[in-house]
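# A structural walkthrough
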Amino acid sequence: MGRYLVAAAITIMSASGTIAAHAQTGAETYKAKCMMCHAVDGSASTPAGKAMKAIPFSSPDLVKASDADLIAATTNGKGKMPAYTSKLTAPQIKDVVAYIRTLQK
Ligand code: HEC
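Residues numbered from 1 in each chain as written. Predicted model: local features only at pLDDT ≥ 70, side-chain atom pairs only at ≥ 80, totals over all residues. Heavy atoms only, no water.

### Focus on the coordination of the iron atom of the ligand
The protein atoms donating to the iron atom of the ligand are His38 (NE2) and Met81 (SD), with metal-donor distances spanning 1.9 to 2.0 Å. Viewed at the metal, the 6 donor atoms of the iron atom of the ligand are separated by angles of 81 to 180 degrees, and the geometry they form is octahedral. Of this pair, His38 sits in helix 2 (residues 24–38) while Met81 is found in the loop between helix 5 (67–76) and helix 6 (90–103), placing the two residues 43 residues apart along the sequence. Here His38 falls in the buried class, since its relative accessible area comes to 12%. Exposure remark for Met81: the relative accessible area of 26% places this residue in the partly exposed category. (Donors = N, O, S within 2.8 Å, 3.2 Å for Na, K, Ca; no water. Tetrahedral: all angles 85-135°; square planar, octahedral: opposite > 155°, others 65-115°. Helix = DSSP H or I, 4+ residues; strand = E, 2+ residues; numbered from the N terminus. Buried < 20%, exposed > 50% of the residue type's maximum accessible area, 1.4 Å probe, protein only.)

### A word on the side chain of Gln104
By the element assignment, Gln104 lies in the segment after helix 6. Accessibility expressed as a relative area gives 16% for Gln104, which makes it buried. Of the polar contacts made by the side chain of Gln104, one reaches the backbone oxygen of Leu62; its length is 3.1 Å. Once you skip the residues sitting within four places of it in the chain, Gln104 turns out to touch Phe57, Leu62 and Val63. (Polar contact = N/O pair within 3.5 Å; in protein donor to acceptor, adjacent residues only side chain to side chain. Contact = heavy atoms within 4.5 Å.)

### Some details on the site of the ligand
In the region of the ligand, 21 residues are neighbours, and Cys34, Cys37, His38, Met81 and Tyr84 sit closest. A distance of 2.8 Å is found between a nitrogen atom of the ligand and a side-chain nitrogen or oxygen belonging to His38. Residue Lys78 places a side-chain N or O atom 3.2 Å away from an oxygen atom belonging to the ligand. Residue contributions to the shell around the ligand peak at 5 residues, all from helix 2. (Near = heavy atom within 4 Å.)

### Thoughts on the side chain of Thr29
Mapping Thr29 onto the fold places it in helix 2. Contacts of Thr29, omitting those with residues within four sequence positions, involve Cys34, Leu88 and Val96.

Everything listed here is a matter of geometry and, on its own, says nothing about what the molecule does.
So this is what it looks like as structure tokens:
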């Protein structure tokens, strides 16, 4: 499992070189903390994302969800997703949610 994740992470990192410069801080946070489960494109198609049944950010429910909902889920955790309240600051969470919005388009 560990080796599988590393291989997936390397594949994802080499594919992500073209991410636009906007939302830079959120993008960096996303790559460092979220991508192993949510995948480079937010599809949750990584082994960890699939194993935990994470939902794609492009799913209608998450497109409809308010920023406050997504910020709350990231801050407090949800289901199998860990809480980030002690790992990220409130502005970092706000930026990473703004970045997630760019993955929904
Ligand atoms: C260890 C795997 C994992 C990591 C790392 C992870 N997530 Fe998740 N995430 C999940 C899973 C699983 C769900 C689905 C939770 C559920 O609905 O049961 C989820 C759901 C979400 C949702 C949707 C919540 C909702 O309202 O349904 C958001 C937003 C989200 N994650 C943001 C993030 C952000 C931002 C990060 C990085 C700071 C992150 N996640 C890191 C596993 C992860």
